[in-house]
Amino acid sequence: MKFDPVTFTLHDGRECALRSAEPEDAAALVGYVNQVFGESPYLSRGAGEWTQTVEKELAWIESKLADPRSVLLLAFVDGVIAGDFDLHPIGGALRLAHRAGIGVSVRRDYWRQGIANRMLQTLLDCARACGYEQVELEVVADNFRAVPLYLKHGFQVYGTRPHALRYPDGSYASEYLMYKKL
């Protein structure tokens, strides 16, 4: 689904442009994702684990643009990708058609600037426009920035997945399973 671009002001006064990912963003998006996986212990992969090619990323972007029930949004600050936000169907079966999943990431340089808050509200608006009735996500339970943000937007914890992530040092992190009725 194509999203009409918007701009908003960050907490530090800079402008942030929010728009759908375009095919010409594929290489920059590969670089962005490789960077954010190395910046946060709260994502599903660590540094160097994501090996997506630009060609596969291009195909993924094109599939998102062609799917009327999916959205891939990028946040740009000073021409640099600062955030990546995804809305997607949970499954293709009719009995699952009311449910959407979301994914959110923001580059460390842009944390605490209001990007995730604005993007989450935008994804929820897009989910409603796509006809979804429920949005779902998983978040590391001790992610002290993300969990309160999701709660603020009306998400509820409906379960915990123990030992959801295993880190190289042998420690584990649990995930909250969260949902929001639209």
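Scoring rules and cut-offs
Residues numbered from 1 in each chain as written. Predicted model: local features only at pLDDT ≥ 70, side-chain atom pairs only at ≥ 80, totals over all residues. Heavy atoms only, no water. Phe/Tyr/Trp six-rings, centres within 6.5 Å; stacked < 30°, edge-to-face > 60°. Helix = DSSP H or I, 4+ residues; strand = E, 2+ residues; numbered from the N terminus. Lys NZ or Arg CZ within 6 Å of the ring centre and 35° of its normal. Core = buried A, V, L, I, M, F, W, Y, C linked by side-chain atoms within 4.5 Å. Buried < 20%, exposed > 50% of the residue type's maximum accessible area, 1.4 Å probe, protein only. Contact = heavy atoms within 4.5 Å. Pairing = 2+ DSSP bridges. Axes fitted to C-alpha atoms, helices over the stretch in contact; angles between N-to-C directions. Parallel < 35°, antiparallel > 145°, perpendicular 65-115°, else oblique. Nonpolar A, V, L, I, M, F, W, Y, C, P; charged D, E, K, R; others polar. Expected span 1.5 Å × (residues − 1). Arc of directions from axis to C-beta. Salt bridge = Lys/Arg side-chain N within 4 Å of Asp/Glu carboxyl O.

A. The arrangement of the packing of aromatic side chains in detail. In this structure the tally under the stated criterion is three aromatic pairs. A ring pair is formed by Tyr158 and Tyr179, whose centres lie 5.7 Å apart and whose planes are at 75°; its orientation type is edge-to-face. With Tyr158 in strand E7 (residues 156–166) and Tyr179 in strand E8 (residues 172–181), the pair connects residues that are 21 residues apart, well separated along the chain. Above the face of the Tyr132 ring, Arg69 is positioned so that its terminal group lies 3.9 Å from the ring centre.

B. How the structure looks around the nonpolar core. The biggest cluster of nonpolar side chains holds 35 residues, and the ones touching the most others in it are Phe85, Leu87, Ile102, Ile115, Tyr150 and Phe155. With seven residues, the single largest contributor to this core is helix H3 (residues 115–129). Those residues within four positions of Tyr150 in sequence are excluded, and the remaining contacts are Val104, Leu120, Leu137, Val139, Phe155 and Met178. One finds Ala26, Leu29, Leu72 and Phe76 within the second-largest nonpolar core, a separate group that totals 14 residues.

C. Main features of the pairing of E7. Inspection of the sheet shows E7 paired to E8 by seven bridges, in the antiparallel sense. Following the sheet pairing, Arg161 is matched in E8 by Glu175. Where E7 folds back onto E8 in an antiparallel hairpin, the turn is made up of five residues, including Gly170, whose phi is positive at roughly 95°.

D. Here's a closer look at the sheet that holds strand E6 (residues 134–140). Ordered in space as E1-E2-E3-E4-E5-E6-E8-E7, the eight strands form an open sheet in which the pairing is mixed. On the outer flanks of this sheet lie strand E1 (6–9) and E7, each paired with one strand and no other. Across the sheet, the mean angle separating the axes of adjacent strands is 25° when strand polarity is ignored. Note that E1 and strand E2 (residues 15–20) share four bridges and pair antiparallel. Bridging across to E2, Thr7 finds its partner in Ala17. Along the sheet face, helix H1 (residues 26–37) touches strand E3 (71–77), strand E4 (80–89) and strand E5 (99–106) and points at about 90° away from the line of E4.

E. Spatial organisation of the side chain of Asp25. Residue position: Asp25 is located in the loop between E2 and H1. Leave out the neighbours within four places in its chain, and Asp25 touches Arg19, Ser20, Ile61, Leu74 and Phe76.

F. Structural context of the packing of H1 against helix H2 (residues 54–66). Where H1 meets H2, the axes come as close as 8 Å, and the angle between the chain directions of the two elements is 105°. If you check the angle between H1 and H2, you find them roughly perpendicular. Together, Ala26, Ala27, Leu29 and Val30 of H1 and Val54, Glu57, Leu58, Trp60 and Ile61 of H2 make up the contact between the two elements. Looking at the contact of H1 with H2, its residues break down into eight nonpolar, no polar and one charged.

G. How the structure looks around H1. Compared with the 16 Å implied by 1.5 Å per residue over 12 residues, the 17 Å span of H1 between its first and last C-alpha is a close match. When we look at burial in H1, the residues that qualify are Ala26, Leu29, Val30, Tyr32, Val33, Val36 and Phe37. When H1 is viewed along its axis, its buried side chains cluster within an angular range of 165° and face the same direction.

H. Highlighting the pattern of salt bridges. Tallied over the entire structure, the rule returns nine salt bridges. As a salt-bridge pair, Asp12 and Arg14 come within 2.8 Å of each other at their nearest N and O atoms. On the basis of relative accessible area, Arg14 is assigned to the partly exposed category, the value being 28%. Close ionic contact of Asp86 with Lys64 constitutes a salt bridge, the shortest N to O distance being 2.4 Å.

I. Spotlight on unusual backbone geometry. In this structure, Asp78 is a non-glycine residue whose phi angle is positive, near 55°. Following the sequence through the fold, Asp78 ends up in the loop between E3 and E4. Of the residues examined, Asp78 reaches a relative accessible area of 62% and is grouped as exposed. Positive phi, normally seen in glycine, also occurs at Arg112, with a value near 65°. Inspection of the secondary structure assignment puts Arg112 in the loop between E5 and H3.

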